[in-house]
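Architecture and fold: a report
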Amino acid sequence: MNSLNEKDTHDFAFNLAQSAKKGDIYCLIGDLGTGKTIFSKGFALGLDITEEVTSPTFNIVSVYDNGRIPLYHFDMYRIEDIEELYNIGFEEYFYGDGVCLIEWANKVSNEIPTQAKWIYITKDLNIGENFRKIEVKQHVSISN
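A brief look at the structure comes next. Small disclaimer: the values here were computed from a predicted structure and weren't measured.

Counting its regular elements, the protein chain contains four helices and seven strands. What you see for the protein chain is a C-alpha radius of gyration of 14 Å, in line with the 15 Å of a compact globule of 144 residues. For the protein chain, the C-alpha atoms occupy an extent of roughly 40 × 35 × 30 Å along the three principal directions. Taking all 144 residues of the protein chain together, the buried fraction comes to 45%. When contacts within the protein chain are restricted to residue pairs at least 6 apart in sequence, those whose partners lie at least 24 apart make up 60%.

Spelled out as structure tokens, the structure:
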């Protein structure tokens, strides 16, 4: 999918979340400034979550449970040691009653269940400053 602006990215994520169900895991990959936060906001709204969604960079995980399905929003950017994941009990989230959205999932790819959907957001400045390519893939193995 090609996104020409923030609204396109937001709407794509909103529509994707409309079909999300308990136990789904979405891994969000993209460089800084590619629109992961915009994507996350649209995804949360697609789950009928009305709380303000922000990047959970300093918390590792933020829980939003006022929608039709709880959203467990992870940010693995600052993960230095896999023990940090075990300390927060990540498996309870991954196999819990909600949907996981994991930013920078490539940093912990060995811990991601195989049924996860991988979403890649990339810029192409040759096409335009606001252009983003969004791809959804399954069963992807990424090295840290």
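Here the focus is the pairing of strand 4 (residues 71-75). Among the five residues that make up strand 4, five are buried, leaving the element largely enclosed by the rest of the structure. Where burial is concerned, the two faces of strand 4 agree: the one with Leu-71, His-73 and Asp-75 and the one with Tyr-72 and Phe-74 are both buried. Examined bridge by bridge, strand 3 (residues 61-64) and strand 4 share four bridges and lie antiparallel to one another. Bridge pairing in strand 4 places Val-63 opposite Tyr-72. Hairpin connection from strand 3 to strand 4: six residues lie between these consecutive antiparallel strands. As paired elements, strand 4 and strand 5 (residues 99-103) share five bridges and run parallel to each other. Bridge assignment links Phe-74 to a residue of strand 5, and that residue is Ile-102.

This paragraph deals with the nonpolar core. As a rule of thumb, soluble globular proteins bury nonpolar side chains together. Judged by nonpolar contacts, the single largest core of 21 residues is most densely connected at Cys-27, Phe-74, Met-76, Phe-94, Ile-102, Ile-112 and Trp-118. Within the residue set of this core, elements represented by two or more residues are strand 2 (25-29), strand 4, helix 4 (90-94), strand 5 and strand 6 (117-123). Ranked by residue count, the leading element in this core is strand 2, at three residues. Counting residues in each nonpolar core, the second largest holds 20 residues, with Ala-13, Val-53, Ile-69 and Ile-134 among its members.

The next subject is the packing of helix 1 (residues 6-18) against helix 2 (residues 36-46). Axis separation between helix 1 and helix 2 bottoms out at 7 Å; the angle between their running directions is 40 degrees. Considering the angle they form, helix 1 stands oblique to helix 2. The two elements helix 1 and helix 2 cross, and the hand of that crossing is right-handed. Here Glu-6, Thr-9, His-10, Phe-12, Ala-13, Phe-14, Leu-16, Ala-17 and Gln-18 of helix 1 lie close against helix 2, whose contacting residues are Ile-38, Phe-39, Lys-41, Gly-42, Phe-43, Leu-45 and Gly-46. Its residues assigned to classes, the contact of helix 1 with helix 2 shows nine nonpolar, five polar and two charged.

Moving on, we come to the pairing of strand 5. With five of five residues buried, strand 5 is to be regarded as a mostly interior element. Residues of strand 5 alternate between two faces, with Val-99, Leu-101 and Glu-103 on one and Cys-100 and Ile-102 on the opposite face, all of them buried. Pairing between strand 2 and strand 5: four bridges, direction parallel. Pairing of Ile-25 across the sheet is with Cys-100, part of strand 5.

Thresholds, definitions, all that
Residues numbered from 1 in each chain as written. Predicted model: local features only at pLDDT ≥ 70, side-chain atom pairs only at ≥ 80, totals over all residues. Heavy atoms only, no water. Helix = DSSP H or I, 4+ residues; strand = E, 2+ residues; numbered from the N terminus. Rg over C-alpha atoms; globule rule 2.2 N^0.38 Å. Buried < 20%, exposed > 50% of the residue type's maximum accessible area, 1.4 Å probe, protein only. Contact = heavy atoms within 4.5 Å. Pairing = 2+ DSSP bridges. Core = buried A, V, L, I, M, F, W, Y, C linked by side-chain atoms within 4.5 Å. Axes fitted to C-alpha atoms, helices over the stretch in contact; angles between N-to-C directions. Parallel < 35°, antiparallel > 145°, perpendicular 65-115°, else oblique. Left-handed = near helix turned anticlockwise from the far one by under 90°. Nonpolar A, V, L, I, M, F, W, Y, C, P; charged D, E, K, R; others polar.

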